[in-house]
Amino acid sequence: VKQYLKRDQTPHLDKYAKKIQRIDSAVRKLKLPHALPYEDALETDRAAYLVRQCLYSSLQDRISSHPFLTQVEKRWIVFQMLRA
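Residues numbered from 1 in each chain as written. Predicted model: local features only at pLDDT ≥ 70, side-chain atom pairs only at ≥ 80, totals over all residues. Heavy atoms only, no water.

**Student:** I tried to follow the overall build of the chain on my own but got confused; where do I start?
**Tutor:** A count of helical and extended segments in the chain gives three helices and three strands. Counted from the first residue to the last, the chain has its helices and strands arranged as β-α-β-β-α-α. Compactness check: the chain gives a C-alpha radius of gyration of 18 Å against a globular reference of 12 Å for 84 residues, more than 25% above the reference. Looking at the chain as a whole, 10% of its 84 residues qualify as buried. Sequence separation of at least 24 residues holds for 41% of the intrachain contacts in the chain that already meet a minimum separation of 6. As presented, the chain carries roughly 7,900 Å² of accessible surface, and 57% of it is formed by carbon and sulfur atoms. (Helix = DSSP H or I, 4+ residues; strand = E, 2+ residues; numbered from the N terminus. Rg over C-alpha atoms; globule rule 2.2 N^0.38 Å. Buried < 20%, exposed > 50% of the residue type's maximum accessible area, 1.4 Å probe, protein only. Contact = heavy atoms within 4.5 Å. Areas by Shrake-Rupley, 256 points an atom, 1.4 Å probe, with all protein chains shown as cover.)

**Student:** Where do I start with a nonpolar patch on the surface in this structure?
**Tutor:** A cluster of nonpolar side chains, namely Leu59, Ile63 and Met81, defines an oily patch on the protein surface of about 280 Å² accessible area. Mapped onto the elements, Leu59 comes out in helix α2 (residues 59-63). (Patch = residues over 30% accessible without salt bridge, like charges linked within 9 Å, V, L, I, M, F, W, Y side chains within 5 Å. Salt bridge = Lys/Arg side-chain N within 4 Å of Asp/Glu carboxyl O.)

**Student:** Mind showing me how you'd approach the side chain of Asp24 here?
**Tutor:** Along the polypeptide, Asp24 turns up in helix α1 (residues 14-30). Once residues lying within four places of it in the same chain are set aside, the contact partners of Asp24 are Pro37 and Tyr38.

So, in structure tokens, the structure goes:
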């Protein structure tokens, strides 16, 4: 969850909400396997929230942590990157 707290002089976030919705619908239409769209965008009187699936680790974290990747796993990652 990404959170944006509103202050006293915070402008209206309507134009940003519409922009996020346009980007989200474009990503969903393209069905990009390597891009995670936001699940929801919420706005309250005190804050705005962007919600999407949480990932355990990034590719950088996985490559550099134990247990190290096997050759097959490395090839699978390279294949996925080339297909993206």
